[in-house]
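What follows is each chain in one-letter form.
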Amino acid sequence: MNNKRDEVVDYTLPNGLKVLLKPLHTAPVVSNWLWYRVGSRNELPGKTGISHWVEHMMFKGTPTFPKGSIMLEVNRNGGVLNGFTSHDYTAYFETLPSDRLDLGLRIESDRMANSVIDLAEVESERTVIIAEREGGENEPEWVLYEEVMATAFRVHPYGHMVIGWKDDLLNITRNDLYQHYKMYYGPHNAVLVVVGDIQIDRVQARIDELFGPIPAGPPPPPVQLKEPPQQSERRVIVRQPGNAAYFQSVYHTCAAAHEDAFPLMMLEAILSGVSFGGGAPTHRSARLYRALVETEIAAYVGAHYQTSLDPDPFRFYGTVRDGRSPAEFEAVLDTEIERLRREPVTEEELARARKQVRAQFAYTLERVSSQAQWLGLMEMLGDWRQFDTFVDNLSAVTAVEVQRVAQQYFTPSNRTVGWFEPIRG
């Protein structure tokens, strides 16, 4: 794999906006992403969901780009756009023909400085977001996940969903949203990533012109809440109308910057298949698929380690086949976990996972939007330069390291188990 580090221009404006520019002339396309270091992790009790709500409000327009015009202009110019909020960050992006990059930069600089937080639009969006939450409440897996995470975390904000608790969504005010916007969505708390068919000098000058005059806001308060070590197993059973049973369990692990993060990612690949990059699913060759799906205990099964700023859990999840039970699912999963703790994974499994990692990463590199996303994601989690070494670091994980993290984290006292038992009508 080529080393990409020297191809990225990295600088910071006086107002604190960090800029990453990467020219890539394989196609006349450009993707610009604006990342803000704010998500549900930054929310206080009583204000959960406020980051996701501000993300919605920033699509409501500015005096220059009135309501509805942002999407209209991007689509009219042959582009696509979107935004999303996670635990740790919020991002907006536009992917456009390269000669229309200026439109994307004008949209993002304008809504960074001039988003309209109108009271009538706040009330309108309250209805939309609550409806979005209620849609989730109709999904058994969503309900179970919310219960499991709220049970696993007693202190840290990772215990609530990004969309927030319903009572908080009913009580958040227009002023709450505006203050959140002014605190977190300025240049002092943002990273702009542009990848594609660009001329560095011209783009840099335009970024300086558009973003440079925006004043920095007050420094956001640090997140100081830490989840205390879990002392005993926790369990939750959800019984609601439904057509299938579901199983989920989570084990507290470590943050993305910890040395155990790569062994945990490799552990996920061996258990469930490589899942990043948007490539083809690879889980049919993984351990959990063979143990639970091929034996017709589960219709679907997966494992996932979420790389995050603060320690996030390693998660197991699955849909139980009709006629089987969550208890059967859990017993087989426990056998697989104990096998991981007792025996090193084989070199054949490691080799297969490494091959899948390289294939999916290569798939990622084909698109300018994916490269911009990965650079921004790596920067949000610590340093964009990890983009260069990600595959090599993951491929260097050994069987001993995989066994060590399984032994360290996959203990009964460190887990929270959730069952969804359907009440059939």
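Everything below is about the structure shown above.
Given the structure is predicted, the values throughout are model-derived calculations rather than measurements.

J.: Is there a simple way to think about the sheet that holds strand S5 (residues 90-97) in this case?
T.: Taken together, 6 strands build an open sheet; the order of strands is S1-S2-S6-S3-S5-S4 and the sheet is mixed. The outermost strands of the open sheet, each flanked by one partner alone, are strand S1 (9-12) and strand S4 (80-85). Across the sheet, the mean angle separating the axes of adjacent strands is 10° when strand polarity is ignored. Strand contacts of helix H1 (residues 50-57): S4 and S5, with the helix running at about 160° to S4, the strand carrying the most contacts. Contacting S4 and S5, helix H2 (residues 69-76) runs over the sheet at an angle of about 135° to S4.

J.: Looking at this structure, I do not really get the packing of aromatic side chains. What am I missing?
T.: Given two aromatic rings, one states the distance between the centres and the angle between the planes to describe the pair. Enumeration over the complete set of coordinates arrives at 25 aromatic pairs. By way of ring pairs, the aromatic residues Tyr 36, Phe 59, Tyr 92, Tyr 178, Tyr 181 and Tyr 185 are connected into one cluster. The ring of Phe 59 carries the charged tip of Arg 111 above its face, separated from the ring centre by 4.7 Å. For Arg 174, the ring lying beneath its charged end belongs to Tyr 178, and the centroid distance is 4.8 Å.

J.: Sorry if this is basic, but what is going on with the pairing of strand S2 (residues 18-23) here?
T.: A regular strand places its side chains on the two faces of the sheet in alternate fashion. S2 sits mainly inside the fold: 5 of its 6 residues count as buried. Pairing of S1 with S2, which is carried by 4 bridges, proceeds in the antiparallel orientation. Following the sheet pairing, Val 9 is matched in S2 by Leu 21. Hairpin remark: S1 followed by S2, antiparallel, with 5 residues in the connecting loop; positive phi at Gly 16, about 100°. In this sheet, strand S6 (residues 190-196) lies alongside S2 in parallel orientation, the contact comprising 6 bridges. Within S6, the position partnered with Val 19 by the bridge is Leu 192.

About the criteria used
- Residues numbered from 1 in each chain as written.
- Predicted model: local features only at pLDDT ≥ 70, side-chain atom pairs only at ≥ 80, totals over all residues.
- Heavy atoms only, no water.
- Pairing = 2+ DSSP bridges.
- Helix = DSSP H or I, 4+ residues; strand = E, 2+ residues; numbered from the N terminus.
- Axes fitted to C-alpha atoms, helices over the stretch in contact; angles between N-to-C directions.
- Contact = heavy atoms within 4.5 Å.
- Phe/Tyr/Trp six-rings, centres within 6.5 Å; stacked < 30°, edge-to-face > 60°.
- Lys NZ or Arg CZ within 6 Å of the ring centre and 35° of its normal.
- Buried < 20%, exposed > 50% of the residue type's maximum accessible area, 1.4 Å probe, protein only.

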